[in-house]
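Listed below are the residues making up each chain.
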Amino acid sequence: MEITKHLIIGAGPAALAAAQAIRETDISAEITLVTKENSIPYSPAMLPYLISKELDENDFFAKGKDLLDNLNIKLLFGKEVVAVWPEKNEVEYADGVREAYDKLLIAAGASPQITLKDQLPEEQIFTFRTFQDFERLNKILGTQQEIAIFGAGLVAVEAAEKLCLAGHKVTVIARSSLLRKYFDPQNVAALTQAFNKCGAKIITKNTLVAAKKMDNKLELTLENGDTLLVDRLIAATGVAANLIKHDSLALAEGGLKVGKYMETELPNIYAAGDVAAAPCFFGGQNAPCPILPEAVLQGKIAGANMAGETVEYEGWVPCNYLRCFDEHLFSIGVTSTAEGQPYQVVEKRDGGSSLKLVFDEDCLIGAEGLNMKYTHPGVFLYLIKEQIPVKKYKDLLMDKPKETACWLMSQHRKNQAI
Amino acid sequence: MLNNSLTVRSANCPPSCNLCVEACSRRIGSVLEPVIEKIDLPEMNYHTMLTCNQCSQPECVGVCPTGALSRTDAGTVVLNADRCVGCSICNLVCPYGGIYPQKAEHKSSKCDQCGGTPECAKACPNNVLTYEKASVMDEKLGEDLLSPGLPYCAGCGMELLDRQTLQILGKDIVLFGAPSCNVLSSKAKVPYYGTLMTQVPSSATGVSRYFKHINKETICVGLIGDGATADLGFGALSAAAERGERILYICYDNEAYMNTGIQRSSTTPMGSWTNTTQVGSVGRGREGKPKNVPLLMAFHGIEYVATATLAYPEDYMRKLLKAKEAVKNGMAYIHVLAPCPTGWKFETEKVVEMTRIAVESNYFPLWEAEKGTIKLTHETNNPTPIKDFVKRMKRFAHLSDQQIEELQQYVNGTYANIKRIATD
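What counts, and at which threshold
- Residues numbered from 1 in each chain as written.
- Chains lettered and ligands numbered in written order.
- Predicted model: local features only at pLDDT ≥ 70, side-chain atom pairs only at ≥ 80, totals over all residues.
- Heavy atoms only, no water.
- Helix = DSSP H or I, 4+ residues; strand = E, 2+ residues; numbered from the N terminus.
- Buried < 20%, exposed > 50% of the residue type's maximum accessible area, 1.4 Å probe, protein only.
- Contact = heavy atoms within 4.5 Å.
- Areas by Shrake-Rupley, 256 points an atom, 1.4 Å probe, with all protein chains shown as cover.
- Lys, Arg positive; Asp, Glu negative; His and termini not counted.
- Charge placed at Lys NZ, Arg CZ, Asp CG, Glu CD.
- Rg over C-alpha atoms; globule rule 2.2 N^0.38 Å.
- Pairing = 2+ DSSP bridges.
- Axes fitted to C-alpha atoms, helices over the stretch in contact; angles between N-to-C directions.
- Phe/Tyr/Trp six-rings, centres within 6.5 Å; stacked < 30°, edge-to-face > 60°.
- Lys NZ or Arg CZ within 6 Å of the ring centre and 35° of its normal.
- Expected span 1.5 Å × (residues − 1).
- Buried area = accessible area lost by both parts, 1.4 Å probe.
- Polar contact = N/O pair within 3.5 Å; in protein donor to acceptor, adjacent residues only side chain to side chain.
- Parallel < 35°, antiparallel > 145°, perpendicular 65-115°, else oblique.
- Left-handed = near helix turned anticlockwise from the far one by under 90°.
- Nonpolar A, V, L, I, M, F, W, Y, C, P; charged D, E, K, R; others polar.

Further remarks concern the overall build of chain B. When helices and strands are counted, chain B shows 15 helices and 16 strands. With respect to the principal axes defined by its C-alpha atoms, chain B has extents near 70 × 60 × 40 Å. Residues counted as buried form 57% of the 424 residues belonging to chain B. In chain B, of all internal contacts separated by at least 6 residues, the share reaching a separation of at least 24 is 65%. Total accessible area on chain B stands at roughly 17,500 Å², and carbon and sulfur atoms take up 51% of it. Considering chain B, the positive charge centre built from 43 side chains and the negative charge centre built from 43 side chains are found 3 Å apart.

With that out of the way, let us pick up the overall build of chain A. Within chain A, the secondary structure is distributed over 10 helices and 27 strands. Its C-alpha atoms give chain A a radius of gyration of 23 Å, near enough to 22 Å, the size a compact globule of 418 residues would have. Along the first, second and third principal axes, the C-alpha set of chain A runs to 65 × 65 × 40 Å. Evaluated residue by residue, chain A yields a buried proportion of 57% over its 418 residues. Contacts spanning at least 24 positions in sequence make up 61% of the contacts within chain A whose residues lie at least 6 apart. Chain A carries 44 positive and 54 negative side-chain charges, and their two centres are separated by 3 Å.

All names here are of chain A. Taken in spatial order, the five strands make up an open sheet running 23-24-27-26-25, and their pairing is antiparallel. Either end of the sheet is taken by a strand with one partner, and the two such strands are strand 23 (319–324) and strand 25 (344–350). Strand after strand, the sheet turns through a mean of 10° between neighbouring axes, direction not considered. Here strand 26 (residues 353–360) pairs with strand 27 (residues 363–370) via seven bridges, running antiparallel. Across the sheet, K356 pairs through a bridge with E368, a residue of strand 27.

Inspection of the secondary structure assignment puts P151 of chain B in the loop between helix 5 (135–140) and helix 6 (158–169). With 31 residues separating them in the primary sequence, P151 of chain B and N182 of chain B have C-alpha atoms 8.0 Å apart.

All right, on to the packing of aromatic side chains then. Enumeration according to the criterion identifies 18 aromatic pairs over all chains in this entry. Judged by centre distance (5.0 Å) and plane angle (85°), the ring pair of Y393 of chain A and W407 of chain A falls under edge-to-face. Of the two residues, Y393 of chain A is situated in the loop between helix 8 (377–385) and helix 9 (394–399) and W407 of chain A in helix 10 (residues 401–416); the sequence distance between them amounts to 14 residues. Relative accessible area serves as the criterion here: at 22%, Y393 of chain A is assigned to the partly exposed category. Aromatic pair Y210 of chain B and F211 of chain B: ring centres 6.2 Å apart, planes at 45°, arrangement tilted. Among the residues examined, F211 of chain B registers a relative accessible area of 10% and is labelled buried. An aromatic cluster is defined as three or more aromatic residues linked by ring pairs; in this entry it consists of Y42, F60, F61, F131 and F134 of chain A. The cationic tip of R413 of chain A hangs over the ring face of Y96 of chain B; the distance from NZ or CZ to the ring centre is 3.7 Å.

Turning next to helix 5 (residues 154–165) of chain A. Residues and elements named next belong to chain A. Between its terminal C-alpha atoms helix 5 stretches 17 Å, which fits the 16 Å expected from 12 residues at 1.5 Å a residue. When you tally the buried positions in helix 5, you get 10 out of 12 residues, the bulk of the element. On its buried side, helix 5 packs onto helix 2 (47–51), strand 10 (146–150), strand 11 (169–173), helix 6 (185–197), strand 16 (232–235) and strand 23. Looking one or two places after helix 5, you find G167, whose phi comes out positive at around 95°.

Residues and elements named next belong to chain A. Taken together, the three strands give an open sheet; going across it, the order is 13-14-15, and neighbouring strands pair in antiparallel fashion. The sheet is open, and its two edges are formed by strand 13 (208–214) and strand 15 (227–230), each paired on a single side. Strand-to-strand twist across the sheet, computed as the mean angle between neighbouring axes with direction ignored, equals 20°. Looking at chain direction, strand 13 and strand 14 (residues 217–222) are connected through six bridges and run antiparallel. Each bridged residue has a counterpart across the sheet, and for A211 the counterpart in strand 14 is L220.

To continue, consider the interface of chain B and chain A. Taken together, the contact between chain B and chain A spans 42 residues of the former and 45 residues of the latter. Buried surface at the junction of chain B and chain A, both sides included, amounts to about 3,800 Å², of which 60% is carbon and sulfur. Among the residues chain B hides against chain A, the three largest losses belong to V85, L92 and H106 of chain B. Together they make up 16% of the total. Applying the counting rule to chain B against chain A returns 17 residue pairs in polar contact (both at pLDDT 80 or more).

Residue and element names in this part refer to chain A. Where strand 4 (residues 81–85) lies against strand 5 (residues 90–93), four bridges are found, and the strand directions are antiparallel. Residue pairing across strands places V84 opposite V91, the latter belonging to strand 5. Between strand 4 and strand 5, which follow one another and run antiparallel, lie four residues, and N89 among them has a positive phi close to 55°. The pairing of strand 5 with strand 6 (residues 98–100) spans three bridges and is antiparallel. If you follow E92 over to strand 6, its bridge partner there is R98.

What follows concerns unusual backbone geometry. The phi angle at L179 of chain A is positive, at roughly 50°, despite the residue not being glycine. By secondary structure assignment, the location of L179 of chain A is in the loop between strand 11 and helix 6. Of note, N45 of chain B is a non-glycine position whose phi angle comes to about 50°, a positive value. Here N45 of chain B lies in the loop between strand 2 (37–41) and strand 3 (46–50). N45 of chain B sits in the partly exposed class, given a relative accessible area of 49%.

This part is about the packing of helix 1 (residues 13–25) of chain A against helix 3 (residues 57–71) of chain A. All names here are of chain A. At a minimum axis distance of 11 Å, the contact between helix 1 and helix 3 shows a crossing angle of 25°. The orientation of helix 1 with respect to helix 3, classified from their angle, is roughly parallel. Helix 1 and helix 3 meet at a crossing whose hand is left-handed. Where helix 1 approaches helix 3, its residues L16, A19, Q20 and R23 are matched on the opposing element by G64, L67 and L71. When the residues that make up the contact of helix 1 with helix 3 are grouped by side-chain class, the tally is four nonpolar, two polar and one charged.

What follows concerns the side chain of D253 of chain B. All names here are of chain B. Locating D253 in the fold gives a position in strand 12 (residues 247–253). At a separation of 2.9 Å, a polar atom in the side chain of D253 contacts the main-chain amide nitrogen of E255. Here D253 is in contact with D226, T267, H335, V336, L337 and A338, once residues within four sequence places are set aside.

Put into structure tokens, the structure is as follows:
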């Protein structure tokens with residue numbers, strides 16, 4: 001029997017999930033992961049926990065190590081793929097060497113967009129996306145430093161929290177507001193309070209326009225003219241997909257466009273994770289969805305299809321869970337609605353917790369909670385993904401969210417197939 | 001690999017009881033946060049337990065960024081708390097609500113089935129939570145004796161049934177069958193004796209007496225449909241039972257003569273369409289009540305009688321093992337509900353689902369009778385209405401509300417009768 005050669009560019013969660021899915025179907029396949037980093041696979045979502053020492057380096061790499069050991073995967077370190085030659089089924093590395101594949105998965109992830117490059121030397125700007133970034137930061141990070149974080153996404157907020165907990169004085173500079181894309185402003189307010197309590201400063205609706213080196217410190221100038229003197233600057237203003245360019249590889253919203261089998265427009269080439277622009281669950285538009293659960297799911301589906309199965313991707317549903325200090329926030333699906341949209345939004349706020357549900361006619365399309373950690377957000381995600389009609393039980397769902405969601409879930413399972 | 005599993009039968013879960021949650025919080029002596037949860041929704045008369053489903057392809061394990069979650073070889077999804085940082089992504093993706101953020105610490109927690117002796121199941125007095133051991137399947141399943149290649153219609157459950165039956169009974173058997181959907185003459189790696197439809201019990205009788213004569217323990221197994229059992233061969237079957245022949249007779253009941261083109265048999269249910277009980281200006285499907293063959297067999301007082309079906313494989317295997325023992329002393333009879341996608345007219349992937357709802361609606365109660373003493377082997381306190389069963393197949397598509405009600409009354413009545421004579 002001929003052995004299929006699967007080449008996977010990247011070694012993050014999507015790449016690992018794909019490798020696992022391929023191995024489940026094809027015991028003899030040759031699976032190679034190629035990463036430009038110099039470490040074994042890990043999940044970037046866990047980097048903040050290294051700062052707070054809630055996770056040590058052994059545990060950080062444990063999952064990647066287990067999978068490498070158990071799945072018979074080859075890992076190529078420190079190699080960057082710069083081009084693909086689909087007509088020859090080959091990729092080209094930065095050093096010009098080419099490597100052949102039968103099936104190729106591009107799961108190269110995304111990299112931070114570095115701001116203020118023209119004003120500060122690169123070694124003065126820190127990013128927080130890879131283990132190398134962590135090591136670089138960790139090496140120079142003394143105690144009780146003044147640290148500015150430019151950016152207000154999940155990476156920025158998690159890094160800020162862990163740095164606070166490690167005793168640093170943190171200032172977050174947000175161009176609009178904290179976590180605007182992810183959570184309701186009122187829920188974010190609870191988070192801001194938690195930051196303030198910890199001595200951190202959150203500057204919103206402002207941006208960094210200039211930075212210069214002053215002795216051992218950096219002087220940052222904000223748009224409104226204020227200045228800040230800090231020890232370190234971390235840029236976390238967003239990421240861009242690590243694209244591998246080819247004339248026939250279509251792009252969508254900055255990612256590699258893929259269809260419902262996670263296939264690109266080139267034969268035998270698939271993409272998954274942060275680099276891929278897969279169809280959205282709502283409406284089917286292609287765009288990247290850089291979150292961990294979708295990366296794993298996309299990797300799994302790409303891997304299965306590469307190994308010869310036929311598995312369809314139903315589209316990504318944005319979903320986030322943030323545990324920051326003692327606050328738990330989750331948001332699933334469509335949670336911010338613009339005026340004129342025909343959606344029904346119901347909301348309940350009760351002391352330190354809140355729940356918002358968004359319906360499109362009979363079905364739930366979004367849910368957001370603050371400190372509703374015992375309501376099982378996964379069941380809400382199921383209700384959304386399966387488009388289970390809630391109909392006249394909307395009030396009950398708001399009133400007793402956990403119980404009603406479980407009831408709807410179990411009824412649906414019973415009716416579907418047991 | 002088959003695994004032990006904690007099963008939840010929510011239909012039996014009473015509203016006021018919290019014993020499993022209490023037992024869970026004391027699972028290692030000191031008080032812990034429970035990893036099982038009582039869900040009460042009185043508005044919908046919904047009361048159940050929620051805990052980890054121990055999925056075979058767990059989504060939580062896939063997304064866990066540190067590998068704190070993993071699935072053991074025994075099929076239990078376990079959490080290594082040392083590696084858990086409490087990011088709760090598992091909680092975000094679990095579609096069963098089976099994983100819990102801890103109250104006290106930034107960590108998740110989940111059920112690990114107490115390492116194989118779940119305290120909740122021990123504490124449950126209502127048969128809601130039971131710990132089902134796969135050992136019967138794991139240890140007793142022998143060689144697969146079915147040959148490759150299948151003669152069945154798409155979606156037929158007979159392959160599964162034959163395979164399980166033969167894997168439990170083993171090689172030391174002779175099969176007896178007749179013209180039917182399930183002629184195994186060239187399909188099974190055991191001797192197969194094809195007789196006329198009227199003669200399965202009498203042919204098996206002769207051979208089994210010969211085996212006794214030559215001191216062989218080989219079991220004669222009749223494996224035949226409801227037409228040959230309930231109609232054509234019923235006289236011979238009753239006579240063999242009355243004589244206490246050492247035969248294991250398995251009737252696979254698909255509720256009509258399916259092989260010859262879906263003609264009504266005497267087990268065809270009330271109101272069902274078949275080709276001989278047409279639906280039109282005159283007929284509205286099968287008139288009258290079906291014959292309850294397993295009850296009739298139980299009243300013969302033979303060694304062992306049982307009902308079984310596909311959705312409850314451990315139950316079926318346990319019964320097969322009992323029958324295998326009983327047949328040393330006399331006759332054993334097992335009546336297996338075997339839905340026919342072609343004749344019942346339902347989607348080909350739903351055969352197992354049909355059998356489960358048949359049991360959960362009390363349409364086909366599971367019981368056994370040892371020497372005539374009947375005992376229920378599966379009870380449903382809050383049965384699914386029969387309308388949810390009939391709506392799943394087109395043979396019942398024409399039923400009027402009144403016909404459905406009549407069928408419901410019949411099902412209730414039959415179940416009440418069985419329950420009344422069943423002893424605990």
